[in-house]
Structures are given as structure tokens and as C-alpha cells.
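Remarks on the overall topology
Single-letter residue listing:
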Amino acid sequence: MNEKKTILDLRSQITQPDWTPNLFVVTTVKELIKQLADDRVVLGLSGGVDSTVAAVLLNKAIGKNLFCLFVDHGLLRKNEFETVLENYKFLGLNVIGVKAETRFYEALKGVTDPEQKRKIIGKSFIDVFDEEAHKLQDIKWLAQGTIYPDVIESFSETGKTIKSHHNVGGLPEKMKLKVVEPLRLLYKDEVRKVGKALQIPESLLQRHPFPGPGLGVRILGEITPEKVSILQEADDIFISGLKEHDLYQQVWQAGVILLPVQSVGVTGDERTYENAVALRAVLSTDAMTAEWAKLPYEFLAKISNDIINNVKGINRVVYDISAKPPATIEWE
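Predicted model only: the values in this text are computed from it and were never measured.

1. Observations concerning the overall build of the protein chain
Looking only at helices and strands, the protein chain has 12 helices and 9 strands in total. Looking at the protein chain as a whole, 50% of its 332 residues qualify as buried. Carbon and sulfur atoms form 52% of the exposed surface of the protein chain, whose accessible area is close to 16900 Å².

2. Topic: the confidence of the model for the protein chain
Per-residue confidence for the protein chain gives a mean pLDDT of 89, with 89% of residues at or over 70. In this model, residues 156-168 is a region of pLDDT below 50 whose contacts with residues beyond four sequence positions or in other chains number 23 contacts.

3. As for helix 4 (residues 80-90)
Of the positions making up helix 4, those classed as buried are Glu80, Phe81, Val84 and Tyr88. All buried residues of helix 4 project into a common sector of 100 degrees when viewed along the axis, lining one side. Residues Lys89 and Phe90 are exposed on helix 4 and point more than 90 degrees away from its buried face. Considering only its buried residues, helix 4 is in contact with strand 1 (40-45), helix 3 (49-62), strand 2 (66-72) and strand 3 (95-99). Gly92 sits one or two positions beyond helix 4 and adopts a positive phi of about 80 degrees.

4. Digging into the side chain of Asn275
Tracing the backbone shows Asn275 in strand 7 (residues 270-283). Relative accessible area serves as the criterion here: at 19%, Asn275 is assigned to the buried category. Within the local environment of Asn275, its side chain forms a polar contact with the backbone oxygen of Gly313, the two atoms lying 2.8 Å apart.

5. Looking at the sheet that holds strand 5 (residues 178-180)
An order of 3-2-1-4-5 is seen for the 5 strands of this open sheet, with the pairing classed as parallel. The open sheet has two edge strands, strand 3 and strand 5, and neither has a second partner. For this sheet, the mean inter-axis angle between neighbouring strands, taken without regard to orientation, is 30 degrees. Alignment of strand 4 (residues 139-143) against strand 5, held across 3 bridges, turns out to be parallel. Bridged to Leu142 within strand 5 is Val179. Its contacts with the sheet place helix 3 against strand 1, strand 2 and strand 4, and it is angled at close to 160 degrees to strand 1.

6. What about the pattern of salt bridges?
By the definition in use, this model includes 16 salt bridges. Lys99 serves as the salt-bridge partner of Glu101, at 3.3 Å between the closest nitrogen and oxygen. Among the salt bridges present, the one from Asp127 reaches Lys123, with a minimum N-O distance of 2.8 Å. Of the two residues, Asp127 and Lys123 are both situated in helix 6 (residues 114-134); the distance of 4 residues between them amounts to about one turn of the helix.

7. Structural notes on the environment of Arg218
Here Arg218 lies in the loop between helix 10 (202-205) and helix 11 (225-244). Taking the C-alpha atoms as reference points, Arg218 and Ile257, separated by 39 residues in sequence, lie 4.6 Å from one another. What Arg218 contacts, discounting residues up to four positions off in sequence, is Arg77, Phe210, Pro211, Leu231, Asp235, Gln253, Ala254, Gly255, Val256, Ile257, Leu258 and Glu330. Among the polar contacts made by the side chain of Arg218, one reaches the side chain of Glu330 at a distance of 2.8 Å.

8. Let's talk about the packing of aromatic side chains
For the structure on display, the rule yields 6 aromatic pairs. Measuring from centroid to centroid gives 5.5 Å for Phe70 and Phe81, while their planes differ by 15 degrees, and the two rings are stacked. Placement of Phe70 in strand 2 and of Phe81 in helix 4 is noted, with a sequence separation of 11 residues between them. Here Phe70 falls in the buried class, since its relative accessible area comes to 1%. Between Trp292 and Tyr319 the ring centres are 6.2 Å apart and the planes differ by 80 degrees, which places this aromatic pair in the edge-to-face class.

9. Topic: helix 2 (residues 21-36)
When the terminal C-alpha atoms of helix 2 are compared, their 22 Å separation across 16 residues agrees well with the 22 Å that a helix rising 1.5 Å per residue should span. At the C-terminal side of helix 2, Ala37 shows a positive phi close to 50 degrees.

10. Points about the environment of Ile314
Of note, Ile314 is situated in strand 9 (residues 314-319). Placed 49 residues apart in sequence, Ile314 and Gly265 show a C-alpha to C-alpha distance of 9.4 Å. Discounting chain neighbours no more than four positions away, the residues touching Ile314 are Ile230, Ala234, Glu274, Asn275, Val277, Ile307 and Ile308.

11. Some words on the pairing of strand 2
Burial within strand 2 is extensive, with 7 of its 7 residues counted as buried. Pairing analysis gives 5 bridges linking strand 1 to strand 2, with the strands arranged parallel. In the sheet register, Leu43 faces strand 2, and the bridge partner there is Cys68. The handedness of the strand 1 to strand 2 crossover, carried by helix 3, is right-handed. Pairing analysis gives 5 bridges linking strand 2 to strand 3, with the strands arranged parallel. For Leu69, the partnering residue across the bridge sits in strand 3 and is Ile96.

Cut-offs used in this document
Here the residue numbers are simple positions, counted from 1 along each chain's written sequence. Thresholds applied to this predicted model are a pLDDT of at least 70 for local features of residues and 80 or more for the giving and counting of side-chain atom pairs; totals over whole chains, interfaces and linings are not thresholded and use all residues. As a rule here, side-chain values come from all non-hydrogen atoms in the structure, and water together with hydrogens is ignored. Secondary structure follows DSSP: runs of H or I at least 4 residues long count as helices, runs of E at least 2 residues long count as strands, and numbering of each begins at the N terminus. When accessible area is computed with a 1.4 Å probe and restricted to protein chains, residues below 20% of their type maximum are described as buried, those above 50% as exposed, and intermediate ones as partly exposed. The protein chains shown are the only cover counted for residues, whose accessible areas, like all others here, come from Shrake-Rupley with a 1.4 Å probe. Each residue gets a pLDDT score, which is the predictor's confidence in that residue and runs from 0 to 100. Working rule for contacts: check all heavy atoms of both residues, and any pair within 4.5 Å makes them a contact. Directions pointing from the helix axis toward each C-beta atom define the arc. Each polar contact in these results corresponds to two N or O atoms within 3.5 Å; when the atoms are within protein, one needs to be able to donate a hydrogen and the other to accept it, and residues that are neighboring in sequence are counted only if both atoms are side-chain atoms. In short, DSSP must find at least two bridges between two strands for them to pair. The axes used here are C-alpha line fits, helices contributing only the stretch in contact, and every angle between their N-to-C directions lies in the interval 0 to 180 degrees. For this document, the term salt bridge refers to a Lys or Arg side-chain nitrogen within 4 Å of an Asp or Glu carboxyl oxygen. Ring geometry is summarised as follows: Phe, Tyr and Trp rings, the Trp one being its six-membered ring, pair when their centres sit within 6.5 Å, and such pairs are stacked at plane angles under 30 degrees, edge-to-face over 60 and tilted between the two. Take the number of residues in a helix, subtract one, and multiply by 1.5 Å to get its expected span. The handedness of a crossover follows from its direction of travel: if, with the strands pointing away from the viewer, the path from the first strand over the helix to the second runs clockwise, the crossover is right-handed.

In C-alpha cells:
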């Protein structure tokens with residue numbers, strides 16, 4: 001049977017009046033137990049909603065036979081590696097944290113082209129993940145947090161891929177593992193409902209989307225550890241501010257972009273020539289289109305002042321008011 005038709009038929013079951021997140025959990029756990037039996041499974045965690053819900057579902061089904069890898073490519077948000085590991089420990093998951101930032105920085109040295117940067121980050125991730133997974137014994141399956149929009153985007157009327165999905169694209173072929181995707185019939189809002197049924201904390205379920213290449217697509221030009229550090233500090237002020245002012249849940253996605261621009265400023269009685277950053281906050285439902293968020297002027301003024309006064313190396317803050325299309329949500 002045509003694979004796309006099969007997926008559409010399966011998806012139709014989710015739209016039935018009697019479908020509930022709790023029923024999905026019970027049914028899926030039974031199917032995973034039957035499908036995986038005593039096999040060992042490896043899953044790449046990102047800290048995002050999809051991989052987290054997939055991990056907890058699998059853990060409910062196979063427990064100690066699930067091994068989760070969380071790779072720090074040096075492009076995460078401030079303190080994110082430690083925070084995410086702590087959150088996963090709370091959820092009872094078997095997680096292995098991998099510090100690999102030096103390897104990624106070396107591979108990215110001198111590279112400025114956006115697509116080349118993405119490819120380098122993707123390939124380096126696959127290489128690191130593959131090496132770490134091979135340290136584990138008798139792994140038979142690769143689990144992924146693929147959701148329904150990812151599946152649909154993988155098809156076209158001609159059968160050709162519209163676009164690849166997830167930052168682990170290419171792993172199944174390289175590792176020669178079977179793939180299990182427990183969320184592949186769900187939309188993002190349904191994934192969150194399933195996560196709630198699994199009693200995953202709201203702080204994890206309501207996280208904004210964060211790109212696989214991380215801050216690598218928010219640093220225009222060459223990526224260096226120094227630039228990452230500056231951006232992490234500015235981004236932390238912006239995201240923390242959104243949460244403190246009860247604006248975080250009113251925005252679909254937000255972040256700071258470090259621009260390859262320096263401008264003249266004044267600190268005290270001295271002239272400065274430092275970096276500019278752009279704040280980006282958008283409203284969306286599926287990331288296919290997006291409108292810029294009309295954040296309060298007073299809030300933007302405070303964030304601008306906080307960043308300039310507290311982050312060494314930044315003396316100018318601008319706000320991105322571009323819609324998608326024509327602009328994309330991320331700058332690279």
C-alpha cells in the first residue's frame with residue numbers, strides 16, 4: 001500500500017471523537033512493548049518537547065533498555081546542558097551527557113556561509129552521536145521525536161522529499177539501525193497533551209521551539225566561543241525577561257541574534273565600537289508562517305538596557321519586525 005495513504009489512514013484514527021491523550025499513551029506503550037520486546041534503543045535528546053515526550057513514552061514501555069544521548073555542541077543556551085540533564089534525571093530517564101563543543105568549534109572555524117554551517121553542525125552531530133552510541137552494547141533501534149508535520153513534509157506528489165527533518169537526519173543510514181517514531185501521527189499541540197497525560201512538567205512541555213543547530217543559526221558570520229558566550233548572556237536576559245513579565249507563553253518562539261555589525265556607542269565619557277544584536281519574537285502555530293510579536297515598548301526598553309548594561313561587547317539592540325514570509329523565523 002502507498003506509504004503516504006497508510007499514514008493518512010492512521011492519522012484519521014487520531015481525529016475520532018473517542019481519541020484521548022490517555023488512550024494514546026496506553027495504546028502506544030502496548031505497541032512499543034510488542035514492537036521492541038527486549039531490544040535496546042538509543043534516542044537523541046534535544047531538550048525540546050518532541051524528544052522529551054518520545055523519551056518518556058519509550059521509558060514507560062521498555063525502561064532500562066532505553067539509552068538517551070544529549071550532545072552539547074557548544075551552541076546551546078546558557079546553562080542549558082546542566083539544566084536539561086537535571087530535568088531528565090527528575091523524569092527518571094537514563095541519560096548520557098556528551099560534552100563535544102571543542103569538536104564543533106574546530107569544524108566551524110573560518111566558516112561563514114549559513115548552509116555550510118548547518119551542514120557542518122549536522123554532520124558533526126551525526127559523527128559524535130554515532131561514536132557514543134557504539135560505546136553502548138547491542139543497540140537495535142534508533143528512536144526519534146518525529147511528529148506528523150515532519151512526516152508530511154517528507155512527501156510530495158512526485159514522491160521526492162520536500163525537506164529533511166530533525167537534526168538527526170542521516171543517522172539511521174549511518175548506524176544501520178531500525179527506526180521507531182512513537183509520535184509520528186501527532187501534531188505539536190497533541191504532543192503537549194500526551195506529555196501532560198504522562199505528567200511531564202509544564203516547564204518542559206511549554207518550551208519554545210529551539211533549532212537543532214542551536215545558536216549556530218543566530219550568529220551571523222563565523223562562529224567562535226567568544227561570540228557564543230556573548231549571545232548566551234544576551235539571550236538569557238531576553239528569555240528570562242519574557243518569563244518574568246508573563247510574556248513567554250504569549251510568544252511562540254523568541255531569541256537573540258548576534259549581528260556581524262559593530263557600531264559606535266558611548267559608555268560613561270568614552271566612545272565604544274561594539275556588537276549589535278537583534279531581538280526576535282514571533283507568533284505562529286506551525287512555523288510555516290509567522291507574525292512578529294507586538295511586545296510592550298516598556299518591556300523592550302528594559303531588555304535593551306539590561307543587555308547593554310550587563311553584557312560586555314554589546315552596545316546596540318534592535319527589534320526584528322519582519323513577518324514570515326518573506327523573512328524566516330531564524331536569520332540563517
